[in-house]
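# Results of the structural survey
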Amino acid sequence: MGNQDYGCDGCVDLTHPDNKGLDTIMLKHLSILRNNRQWFSRVDIWQICALTALDISSSRYEQNAPHFKMTFIGRKDCPNADEIGDGGDKVDMYPKYLNSKALVHHFYQYFGFDARCTTAVMGTHGMAMAHPWNSGQGDGTFPSKWAEGTPWVLDNWYFKGFGKPWTYEIRPNYEFPDIGEKKQWYWQSGTQGYWDGDGFQEGRLIMLDSDMALKYDFSDYQDQNGYIYCKTSYEARHHGPQPAQAVPMCPMAYDTYDIIEEYAFDNLKFLYDVEYCMLKMFNTGYRHGMDGNYKMYYGYGTNYY
């Protein structure tokens, strides 16, 4: 949704595997854009929809939740995309070699985030669902949630989930050969199941390396391909293709571990930090390099911060 020069620009490169499946929601936004083109750019529409979704999802069960208000309009759309926004620069979601240090550096480099904003924004995974036919992540051939709790509600169940015994696995994705092998962490509920807001469901919850990097620092336990060789639980029976007994424990992530613990016990603190950090992301935009300049386009001018 952003490029290295102009901030968030309302474009998504649908040829990039990280963006598979986004065409569905981009097409749904098209009619809104056509009806409001004289007032808003495409990136304005996307940001309004995102903030509205955050407002609704955070306030369903929390009366004191913040209101995610749009603060700027007039972003310029990238010039090299079609009407739905397919095009623009090729931007990787995360660095290929991902660990705690790389995650915090990535969000600082591109959004000016500190460790707290990095942790808060990652918490939005808690209301998401992974679909294996799009991402290669999930519970076998079925979709999987990141966290317990009511679907599509933004709360701190994601952070409570870090206390579970997670197991590392390499998914071959034989059913999805165009996606190929993927890494993920899972927690198997067993017969008791996990709480989904209405009752208990059997199955797996998942985490990605980007999630686990908030609690664990496996930077010294990765090979050249980014595979991780430390475990996060003594209860794990295996670690990828290896027996778990032969794998050392991962150390804790210095910058973000305490923030996870704080959010797990304070839902309102998490929600207000998400509000601040998402507005910072949208208002600051996509920043390239470490030159200290934030580039923002509002209407006809460029503002530097």
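Residues numbered from 1 in each chain as written. Predicted model: local features only at pLDDT ≥ 70, side-chain atom pairs only at ≥ 80, totals over all residues. Heavy atoms only, no water.

Residue placement: Pro165 occurs in the loop between helix H6 (157-160) and strand E5 (167-171). Judged by its relative accessible area of 24%, Pro165 falls in the partly exposed class. The spacing of Pro165 and Thr256 is 91 residues in sequence and 19 Å in space, taken between C-alpha atoms. Apart from residues no more than four positions distant in its own chain, Pro165 is found in contact with Tyr186, Trp187, Ser233 and Glu235. (Helix = DSSP H or I, 4+ residues; strand = E, 2+ residues; numbered from the N terminus. Buried < 20%, exposed > 50% of the residue type's maximum accessible area, 1.4 Å probe, protein only. Contact = heavy atoms within 4.5 Å.)

Counted by the stated rule, this structure contains 3 disulfides. Through a disulfide, Cys11 is tied to Cys78; the S-S separation comes to 1.8 Å. Handedness here is read from the sign of the S-S torsion; for Cys11 and Cys78, about -100°, the answer is left-handed. Residue Cys11 is located in the loop between strand E2 (7-8) and helix H1 (22-36), and its partner Cys78 is located in the loop between helix H2 (42-59) and helix H3 (100-111); the two are separated by 67 residues in the primary sequence. An identical accessibility class is assigned to Cys11 and Cys78; each is buried. Linked covalently through their sulfurs, Cys117 and Cys277 form a disulfide whose S-S length is 2.1 Å. Judged by the torsion about the S-S bond (-85°), the Cys117/Cys277 disulfide is left-handed. Of this pair, Cys117 sits in helix H4 (residues 115-122) while Cys277 sits in helix H9 (residues 267-284), placing them 160 residues apart in sequence. (Disulfide = S-S within 2.5 Å.)

To continue, consider the packing of H1 against H2. Contact geometry of H1 with H2 gives a least axis separation of 10 Å together with a crossing angle of 115°. The chirality of how H1 crosses H2 is right-handed. On H2, the residues that touch Met26, His29, Ile32, Leu33 and Asn36 of H1 are Arg42, Ile45, Trp46 and Cys49. (Axes fitted to C-alpha atoms, helices over the stretch in contact; angles between N-to-C directions. Left-handed = near helix turned anticlockwise from the far one by under 90°.)

What follows deals with the pattern of salt bridges. Within this structure, the stated rule accounts for 10 salt bridges. Here Arg116 ties to Glu262 by a salt bridge, and the two come within 2.8 Å at their closest N and O atoms. On the criterion of sequence distance, the pair formed by Arg116 in helix H4 and Glu262 in helix H8 (residues 257-265) is long-range, its members being 146 residues apart. Judged by relative accessible area, which is 29%, Glu262 ranks as partly exposed. (Salt bridge = Lys/Arg side-chain N within 4 Å of Asp/Glu carboxyl O.)

In this section: the sheet that holds strand E9 (residues 204-207). Strand order in the open sheet formed by 3 strands is E5-E6-E9, with antiparallel pairing between adjacent strands. Every interior strand has two partners, whereas the edge strands, E5 and E9, have only one. Strand-to-strand twist across the sheet, computed as the mean angle between neighbouring axes with direction ignored, equals 45°. Both E5 and strand E6 (residues 182-188) contribute to a ladder of 5 bridges, which runs antiparallel. Paired with Arg171 across the bridge in E6 is Lys182. (Pairing = 2+ DSSP bridges.)

Under the 1.5 Å per step criterion, the end-to-end length of H3 is 17 Å for 12 residues, consistent within 8% with the ideal 16 Å. For H3, a buried count of 9 out of 12 residues is recorded, marking the element as mostly surrounded by other parts of the structure. All of the buried residues in H3 are Ser100, Ala102, Leu103, Val104, His106, Phe107, Gln109, Tyr110 and Phe111. At the N-terminal end of H3, a side-chain oxygen is found 3.2 Å from the backbone nitrogen of Lys101, two or three residues along, and the residue is Asn99. One or two steps after H3, the chain reaches Gly112, where phi turns positive at roughly 70°. (Expected span 1.5 Å × (residues − 1). Polar contact = N/O pair within 3.5 Å; in protein donor to acceptor, adjacent residues only side chain to side chain.)

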